[in-house]
Every structure is written in structure tokens, then in C-alpha cells.
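Close look at the chain arrangement
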Amino acid sequence: MQWYLNGLKNYVGFQGRARRTEYWMFVLFSTIATFIIGLIDGLVGLTPILTYLYSLAVLLPSLAVIARRLHDTGRTGWWILIGLIPLVGSIILIVFLCQDSQPAENKYGKNPKL
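Residues numbered from 1 in each chain as written. Predicted model: local features only at pLDDT ≥ 70, side-chain atom pairs only at ≥ 80, totals over all residues. Heavy atoms only, no water.

**Overview of the pattern of salt bridges**
The criterion, for reference: Only one rule defines a salt bridge in this text: a Lys or Arg side-chain nitrogen within 4 Å of an Asp or Glu carboxyl oxygen. Strands are runs of DSSP state E lasting at least two residues, helices are runs of H or I lasting at least four, and both sets are numbered from the N terminus onward. Only protein chains enter the accessibility calculation, which uses a 1.4 Å probe; a residue is then buried when its area is under 20% of its type maximum, exposed when over 50%, and partly exposed in between.
Enumeration over the complete set of coordinates arrives at 4 salt bridges. Its salt-bridge partner being Asp-72, residue Arg-17 comes within 2.7 Å of it at the nearest N-O pair. Residue Arg-17 is located in the loop between helix H1 (2–9) and helix H2 (20–44), and its partner Asp-72 is located in helix H4 (residues 59–72); the two are separated by 55 residues in the primary sequence. Neither residue differs from the other here; Arg-17 and Asp-72 are each classed as buried. What emerges from the salt-bridge pattern is a single network uniting Arg-17, Arg-69 and Asp-72.

This is how it looks when you write it as C-alpha cells:
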């Protein structure tokens, strides 16, 4: 939960680096929250308005944590846009996000593992 809250607190922090743990824990808790909110939407009988509002609320923090994760692998945050290519772009982006950190300091900062 700490990783998720750190991602939300650093919602405009597109600089720096993010470890795989930070990124994947953010994704995990965001997915769990989306599922719970969707369940509440279904039980109350609302249109998925709460789910849409939550998705809109975490859009900027999600982009920021993805950009920091890409920085950790030595890539610019603009690589997020490769996800716009149908199917292939998403697969390439996931591969980039799964790669290990650059072991030394890079132009985006110190290695967060150290």
C-alpha cells in the first residue's frame, strides 16, 4: 500500500526513477481499487460513474509512475506513446516496464535500488 500511496503523492513527478516494485505495486493496488469500486457501482445499480471518476483521478499518477519506470530502464517517458499502437505497442511497453533497472546512475538520477 505504501508504494501506491507514494505514487499518488508524487502524481506530477515525471522526473526521477521508479523501481519495478513501485510500478507493479501501484498497478496492483489500482487494479484492486478499480475492481472494488466497480463492484460497488454494480451493487448500487449505478452506471459505472464511480469507476470512471476513479480512473480519471489516477490517470496522471499512472502516467507519472510509468514515465519514472521508463526512466529507470534508461528510456525517455515519451515511450509511453508506443502504447497507442494497437496490440504491438502495448506488448513492447510491457516488456520495457518489466526490464531491470540500469545498474548505475543514468541521466534521470541515481539507481533507486541503491
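After that view of the structure, there is still more to cover.
**Considerations on the environment of Cys-98**
Definition in use: What makes two residues a contact is simply this: any of their non-hydrogen atoms within 4.5 Å.
Tracing the backbone shows Cys-98 in helix H5 (residues 88–98). A sequence separation of 67 residues divides Cys-98 from Thr-31, and the C-alpha atoms of the two residues are 17 Å apart. Setting aside residues no more than four positions away along its own chain, Cys-98 makes contact with Arg-20, Trp-24 and Arg-69.

**Here's the deal with the side chain of Ser-30**
Take Ser-30: it is sitting in helix H2. Among residues more than four places away in sequence, those in contact with Ser-30 are Tyr-4, Tyr-54 and Val-58.

**Focus on the packing of H1 against H2**
To be explicit about the condition: The axes are straight lines fitted to the C-alpha atoms, using for helices just the contacting stretch, and the angles between their N-to-C directions are given from 0 to 180°. Any angle from 65 to 115 degrees is called roughly perpendicular, while one under 35 is roughly parallel, one over 145 is roughly antiparallel, and all others are oblique. In this classification, the charged set is Asp, Glu, Lys and Arg, the nonpolar set is Ala, Val, Leu, Ile, Met, Phe, Trp, Tyr, Cys and Pro, and all remaining amino acids, among them Gly, are polar.
One can describe the packing of H1 onto H2 by two numbers: an axis separation of 8 Å at closest approach and a directional angle of 95°. Classified by the angle their axes make, H1 and H2 are roughly perpendicular. Here Trp-3, Tyr-4, Gly-7 and Leu-8 of H1 come into contact with H2, specifically with Thr-21, Glu-22, Met-25, Phe-26, Phe-29 and Ser-30. A breakdown of the residues in the contact of H1 with H2 according to their chemical character gives 6 nonpolar, 3 polar and 1 charged.

**A closer look at the nonpolar core**
The condition is simple: In this text, buried Ala, Val, Leu, Ile, Met, Phe, Trp, Tyr and Cys residues form a nonpolar core when linked through side-chain atoms within 4.5 Å.
Ranked by internal contacts, the top residues of the largest apolar core, which has 15 residues, are Ile-66, Leu-70 and Leu-97. Listing elements by their share of this core, those giving two or more residues are H2, H4 and H5. Among the elements that line this core, the one with the most residues is H4, at 4 residues. Dropping the residues within four chain positions of it, Leu-70 is found in contact with Arg-75, Thr-76, Gly-77, Trp-79, Ile-80, Leu-93, Phe-96 and Leu-97.

**Topic: the environment of Leu-63**
Among the secondary structure elements, Leu-63 is positioned in helix H4. A relative accessible area of 30% places Leu-63 in the partly exposed class. Each C-alpha atom of the pair Leu-63 and Tyr-11 lies 8.4 Å from the other, and the pair is 52 residues apart in sequence. The residues contacting Leu-63, other than those within four sequence positions of it, are Phe-14 and Ile-80.

**Some points on the packing of aromatic side chains**
The line we're drawing: Each Phe, Tyr or Trp ring (for Trp, its six-membered ring) is paired with any other whose centre lies within 6.5 Å, and the angle between the two planes then decides the class: stacked below 30 degrees, edge-to-face above 60, tilted in between.
Tallied over the full model, the rule gives 4 aromatic pairs. Ring plane angle 45° and centroid distance 6.3 Å describe the contact between Tyr-4 and Phe-29, whose orientation is recorded as tilted. In this pair, Tyr-4 is assigned in helix H1 and Phe-29 in helix H2, connecting sequence segments 25 residues apart. We classify Phe-29 as partly exposed; its relative accessible area is 23%. With a centroid separation of 5.2 Å and an interplanar angle of 90°, the aromatic rings of Trp-79 and Phe-96 are classed as edge-to-face. Taken together, the positions of Trp-79 in the loop between H4 and H5 and Phe-96 in helix H5 put the pair 17 residues apart, joining distant regions of the chain. Judged by its relative accessible area of 34%, Trp-79 falls in the partly exposed class.

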